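# Structure assessment
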Amino acid sequence: MRQVRPKKFLGQHFLTDMAIARDIADTVDACPQLPVLEVGPGTGVMTQFLMQKPRELKVVEIDRESVPYLREHFPQLADNVIEADFLRMNLREVFDGRPFVLTGNYPYNISSQIFFKMLDNRDLIPCCTGMIQKEVAERMAAAPGSKAYGVLTVMVQAWYDVDYLFTVHENVFNPPPKVKSAVIRLTRNERPSLGCDEKLFRRIVKTVFTMRRKMLRNGMRQILGKEHPMLADELFNRRPEQLSVQEYIALTNRVEQALAVAEN
């Protein structure tokens, strides 16, 4: 019988609790009818419950031990087991350009990268669910003013509504992780566009959060210049975690205008 060993370098922690696996699989029901792509199925603990749903399912796995295991134990899924690095995949090719639900017990060492890839493909992914580190889940669901509020919060909440569904304890994994986990659901919001220069928006958010404990003007000097008159505005007395997504959008539009004036 083929065995699969959890690998630390892949961030693998195999879920052993079947009830929790079913509960996570059921989170995709929030977006019915769409096909599902599961990231990092491992030994198929969650996959077995996803297969029971009346919808198309594909799984992507980078672990060379897991791929043959999945094909052997789930022969009806064999042709839909993709051996690849999710972060390098062209997601438009997975379901021939059709939208899909993204789900999984995500590898903890690349969970943030997975969500940034989701954002780059947000027109394809109206719904994303799955399990990640509790700390990352709290960061994604955080409200302005909280310590957990950061770059990932702003970038994700700009495009998705975030629901923190439930916490998962360490003792239901092999090997047990050193942190608690959480299951989340992200649902694409109604915003068709940010209404600002998205590249500048990302630059501003990432820049100011490098100095998250300092006032906003400290980070904004890197973008506007040290002596820009806009920096005297009271807004810049606030800290990065105190601004909502909408305030970052408004700030981006103000900065874009200021930079355009400076160039002319």
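The preceding data block contains the structure.
The following paragraphs examine the structure supplied in this document. (Residues numbered from 1 in each chain as written. Predicted model: local features only at pLDDT ≥ 70, side-chain atom pairs only at ≥ 80, totals over all residues. Heavy atoms only, no water.)

## Some points on the pairing of strand β2 (residues 36–39)
- Both faces of β2 are covered, namely the face carrying V36 and E38 and the face carrying L37 and V39.
- Taken together, the four bridges between β2 and strand β5 (residues 101–104) define a ladder with parallel strand orientation. Looking at the pairing, E38 lines up with T103 of β5. (Buried < 20%, exposed > 50% of the residue type's maximum accessible area, 1.4 Å probe, protein only. Helix = DSSP H or I, 4+ residues; strand = E, 2+ residues; numbered from the N terminus. Pairing = 2+ DSSP bridges.)

## Points about the sheet that holds strand β7 (residues 160–168)
- Reading across the sheet, the seven strands line up as β4-β3-β2-β5-β6-β9-β7 and stay open at both edges, with mixed pairing between neighbours. Bordering the open sheet on either side are β4 (81–83) and β7, each of which pairs with just one other strand. The average angle at which neighbouring strand axes cross in this sheet is 20°, direction not considered.
- Relative to strand β6 (residues 127–133), helix α4 (residues 111–120) is tilted by about 165°, and along the sheet it contacts β2, β5, β6, β7 and β9 (181–188). (Axes fitted to C-alpha atoms, helices over the stretch in contact; angles between N-to-C directions. Contact = heavy atoms within 4.5 Å.)

## Focus on the pattern of salt bridges
- Under the definition given, this model contains twelve salt bridges.
- D163 serves as the salt-bridge partner of R185, at 3.5 Å between the closest nitrogen and oxygen. With R185 in strand β9 and D163 in strand β7, the pair connects residues that are 22 residues apart, well separated along the chain. (Salt bridge = Lys/Arg side-chain N within 4 Å of Asp/Glu carboxyl O.)

## A short note on the packing of helix α7 (residues 198–208) against helix α9 (residues 245–263)
- α9 packs onto α7 with a crossing angle of 110° between their chain directions and a minimal axis gap of 9 Å. Taken together, α7 and α9 sit at an angle that is classed as roughly perpendicular. Taking contact as the criterion, the partners of L200, F201, I204, V205 and V208 in α7 are, on α9, V245, Y248, I249, L251, T252, V255, E256 and L259.
- The residue makeup of the contact of α7 with α9, split by class, is eleven nonpolar, one polar and one charged. (Parallel < 35°, antiparallel > 145°, perpendicular 65-115°, else oblique. Nonpolar A, V, L, I, M, F, W, Y, C, P; charged D, E, K, R; others polar.)

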